[in-house]
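This is what each chain is made of:
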Amino acid sequence: MQGSPGRTPMPNTRLLVLFGSQTGTAQDVSERLSREAWRRELGCRVQALDSYPVVNLINEPLVIFVCATTGQGEPPDNMKNFWRFIFRRNLPSTSLCQMDFAVLGLGDSSYAKFNFVAKKLHRRLLQLGGSALLPVCLGDDQHELGPDATIDPWLHDLWEKVLGPHPLPLDLSLTPPGVPWPSKFTLKFLQEVPSTCSEELCVTGTDPQGPPSELQPFLAPMVTNQRVTGPSHFQDVRLIEFDITGSGVSFPRALGVPHSFVAGDVVLIQPENTASHVQQFCQVLGLDPDQHFTLQPRELGVLCPARLPQPCSIQRLVSQYLDIASVPRRSFFELLACLSCHELEREKLLELSSAQGQEDLCEYCTRPRRTVLEVLCDFPHTAGAIPPDYLLDLIPLIRPRAFSIASSLLAHPSRLQILVAVVQYQTRLKEPRRGLCSNWLASLDPGQGPVRVPLWVRPGGLTFPKTPDTPVIVVGPGTGVAPFRAAIQERVAQGEAGNVLFFGCRQRDQDFYWEAEWTELQTRGCLTLVTAFSREQEQKVYVQHRLRELGPLVWGLLDLRGAHFYLAGNAKYMPADVSDALTSIFQEEGGLSGPAAAAYLARLQRTLRFQTETWA
């Protein structure tokens, strides 16, 4: 941990913070822990769980785990390898007997498996001999003040526990909140403009020997970008097709291409900020977009962002890397206050970043979804004086967005399709709130000239049966039907006819995605289609109602023919409603008691015959 001049971290306490983060919140909290350790003269390292050599845990005396829970109780992508390792049954019960630990969880109490990952990890660490400094912290997005309402008092207790045996020496005091911590990097501006081709090669070159990845995405030509909802429908939903010829993933895996994709996989897309927002950001901060720089870490062991070319222009940094359209977290206001030289603005920023100011921060920023750029415009004197060295500390990097692949290579060779709901909604702010990636994709028009989008593919959360003649029941309301279109196309191409689709939407003539395709497959005997149009009658009808109505069919397929059941869509209420419908079917059609029906459902989940892919 970088110290200020003349200060060295206390040698007696080695603090390790390991995080599992899906959207960046757990990483942000981990970096807050690092800053608070620095203010207390403690040495601290911060790493993503999957980048840490997990076998080294046996040598760590003090570890804080910060873990989000995603979907239906799943660990984030960057801790899945750690998760598999730590739950190995052959690990000795004394493996971590020398380790003191604490677990901080981040979740949403509106979901059934609230903070499931943190709770389960806490129990597992105890089983392996670790000593818990504190009960697990259960941060809750649903709290009116967000997870900090729980995190703040928990951290207060944590530091008392950590510092108990290591109090600050008499000649040292806690660094006050208004003092900025050192930046992670230094930006060295170049006097001469380098050749643009070297910068382009850093980000567009694709290794023909390996599959596309986050470090080397494939720049896929966009073929079509078509709105598939009716003109009077409240939401703009796009069917977008890419040409992936030459990507290394453009042939079916059945043909022996190891890096190809199959039904259930997802595509990740790296979006960009709008040109107008980039221009406004540069104006507010007084930056020259054409200025080039190189980035240097201040400390050994700190790596520069892997995707960032060296040298790089301010224009590229802001348009492709800095997430200026995100809603800033409390740490943003904390650092901005430290960097402010304007008395009134600094006072307000300190208030918004304080524990006492969280209701004001929520009202000003979180509830109306005010963006980083909008906040900087509200504090112009501070924004105009931000040292460029701090840009990467202040503003998070744009994260790739994952979309279910909605097509099979067996039906659409060398093509990849996605179904994108364009996110736009109103808060009390005048400007509508817009999802960065969906709106960027919607704005691209291949009819006006060549359009290329950086993308790569990774395995998704759904796996479909490999054994022939195994039926599948898929429940995909709205855009949740996307992964099941890929699966049904793949299965039909392989001669599998046991496909049952429960599809739900508002109105047949407005948002019935791929109606003609489903109808044609049904006519051919390849598909049983069941629809629920929720707004076409006085009483709303959803997919769970159709499941109950067809209980004998569902029970017969599951119990007699070994069918697999899949569910995709919004994570809020639908998964619980569908699970309740299934439990009722097991009782009514299978004659099971309530506990036996619940156990039957749990067995389906455990054997991967009931799989879900949901999103907030």
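Thresholds, definitions, all that
- Residues numbered from 1 in each chain as written.
- Predicted model: local features only at pLDDT ≥ 70, side-chain atom pairs only at ≥ 80, totals over all residues.
- Heavy atoms only, no water.
- Helix = DSSP H or I, 4+ residues; strand = E, 2+ residues; numbered from the N terminus.
- Rg over C-alpha atoms; globule rule 2.2 N^0.38 Å.
- Buried < 20%, exposed > 50% of the residue type's maximum accessible area, 1.4 Å probe, protein only.
- Contact = heavy atoms within 4.5 Å.
- Areas by Shrake-Rupley, 256 points an atom, 1.4 Å probe, with all protein chains shown as cover.
- Lys, Arg positive; Asp, Glu negative; His and termini not counted.
- Charge placed at Lys NZ, Arg CZ, Asp CG, Glu CD.
- Salt bridge = Lys/Arg side-chain N within 4 Å of Asp/Glu carboxyl O.
- Axes fitted to C-alpha atoms, helices over the stretch in contact; angles between N-to-C directions.
- Left-handed = near helix turned anticlockwise from the far one by under 90°.
- Nonpolar A, V, L, I, M, F, W, Y, C, P; charged D, E, K, R; others polar.
- Pairing = 2+ DSSP bridges.
- Core = buried A, V, L, I, M, F, W, Y, C linked by side-chain atoms within 4.5 Å.
- Phe/Tyr/Trp six-rings, centres within 6.5 Å; stacked < 30°, edge-to-face > 60°.
- UniProt positions renumbered as here; feature names shortened; annotations may be inferred.
- pLDDT = per-residue confidence, 0-100.

(A) Fine view of the overall build of the protein. The secondary structure content of the protein amounts to 21 helices and 22 strands. Compactness check: the protein gives a C-alpha radius of gyration of 26 Å against a globular reference of 25 Å for 616 residues, within 12% of the reference. Looking at the protein as a whole, 52% of its 616 residues qualify as buried. If you take every contact in the protein between residues at least 6 apart in sequence, the share linking residues at least 24 apart comes to 76%. If you sum the accessible surface of the protein, you get close to 28100 Å²; carbon and sulfur atoms cover 53% of it. Averaged over its 56 positive side-chain charges, the protein has a centre that lies 5 Å from the centre of its 63 negative ones.

(B) Spatial organisation of the pattern of salt bridges. Scanning all chains against the criterion turns up 28 salt bridges. Two residues, E60 and R14, come together in a salt bridge whose shortest N-O distance is 3.8 Å. Highlighted residues: E60 in the loop between β2 (42–48) and β3 (62–68) and R14 in strand β1 (residues 10–20), separated in sequence by 46 residues. You can call E60 buried: its relative accessible area is 5%.

(C) The packing of helix α1 (residues 25–39) against helix α4 (residues 148–163), seen in detail. At a minimum axis separation of 12 Å, α1 and α4 run at an interaxial angle of 35°. Handedness of the α1/α4 crossing: right-handed. On α4, the residues touching V29, R32, L33, E36 and A37 of α1 are D148, I151, D152, L155, L158 and W159. Taken together, the residues of the contact of α1 with α4 break down into seven nonpolar, no polar and four charged.

(D) Examining the sheet that holds strand β21 (residues 564–570) more closely. Reading across from one edge, β20-β19-β18-β21-β22 is the order of the five strands in this open sheet, with parallel pairing throughout. Every other strand in the sheet has two partners, leaving β20 (528–533) and β22 (610–615) as the edge strands with one partner each. Recorded for the sheet is a direction-independent mean angle of 10° between the axes of neighbouring strands. As defined by bridge partners, β21 adjoins β22 across six bridges and the pair is classed as parallel. Note on β22: the bridge partner recorded for N570 is W615.

(E) Here's a closer look at the sheet that holds strand β7 (residues 185–189). Within the open sheet, the three strands sit side by side as β7-β11-β12. Their pairing is antiparallel. The outermost strands of the open sheet, each flanked by one partner alone, are β7 and β12 (312–313).

(F) Expanded view of the nonpolar core. Within the largest apolar cluster, 44 residues are counted, with the highest numbers of intra-cluster contacts made by F281, L285, L317, L322, F332, F333 and L376. Element by element, the count of residues in this core is highest for helix α8 (residues 330–339), at seven residues. With sequence-adjacent residues up to four places away left out, F333 is seen in contact with P328, L349, L352, S353, L361, Y364, C365 and V375.

(G) Summary view of the packing of aromatic side chains. The final tally for this structure, using the stated rule, is 14 aromatic pairs. Residues W514 and W518 carry aromatic rings whose centres are separated by 6.3 Å and whose planes lie at 85° to one another, so their mutual orientation is edge-to-face. Judged by its relative accessible area of 0%, W518 falls in the buried class. Aromatic side chains F565 and F610 sit 5.3 Å apart centroid to centroid with 85° between the ring planes, which places their arrangement in the edge-to-face category. On the criterion of sequence distance, the pair formed by F565 in strand β21 and F610 in strand β22 is long-range, its members being 45 residues apart. Exposure remark for F610: the relative accessible area of 6% places this residue in the buried category.

(H) Spotlight on the UniProt feature "binding site: FAD" (unreviewed entry) in the protein. Following the UniProt record, one finds the feature "binding site: FAD" (unreviewed entry) at R369, R401, A402, F403, S404, G435, L436, C437, S438 and W615. The named residues occupy 247 residues along the chain; their greatest pairwise C-alpha distance, 25.9 Å, places them well apart from one another. Along the chain, the position of R369 falls in the loop between α10 (358–366) and α11 (372–378). Judged by its relative accessible area of 34%, R369 falls in the partly exposed class. Leaving out residues up to four positions away in the same chain, R369 has contacts with V327, E374, Y425, T427 and R433.

(I) Main features of the confidence of the model for the protein. Here the protein shows a mean pLDDT of 90. Residues at 70 or above account for 92%. The low-confidence segment residues 1–11 (pLDDT under 50) makes 30 contacts with residues lying over four places distant or belonging to another chain.

(J) How the structure looks around the environment of P53. Assignment of secondary structure puts P53 in the loop between β2 and β3. A residue is classified by how much of its surface remains accessible, and P53, at 42% relative accessible area, is partly exposed. When the C-alpha positions of P53 and T519 are compared, they lie 52 Å apart, and in sequence the two are 466 residues distant.

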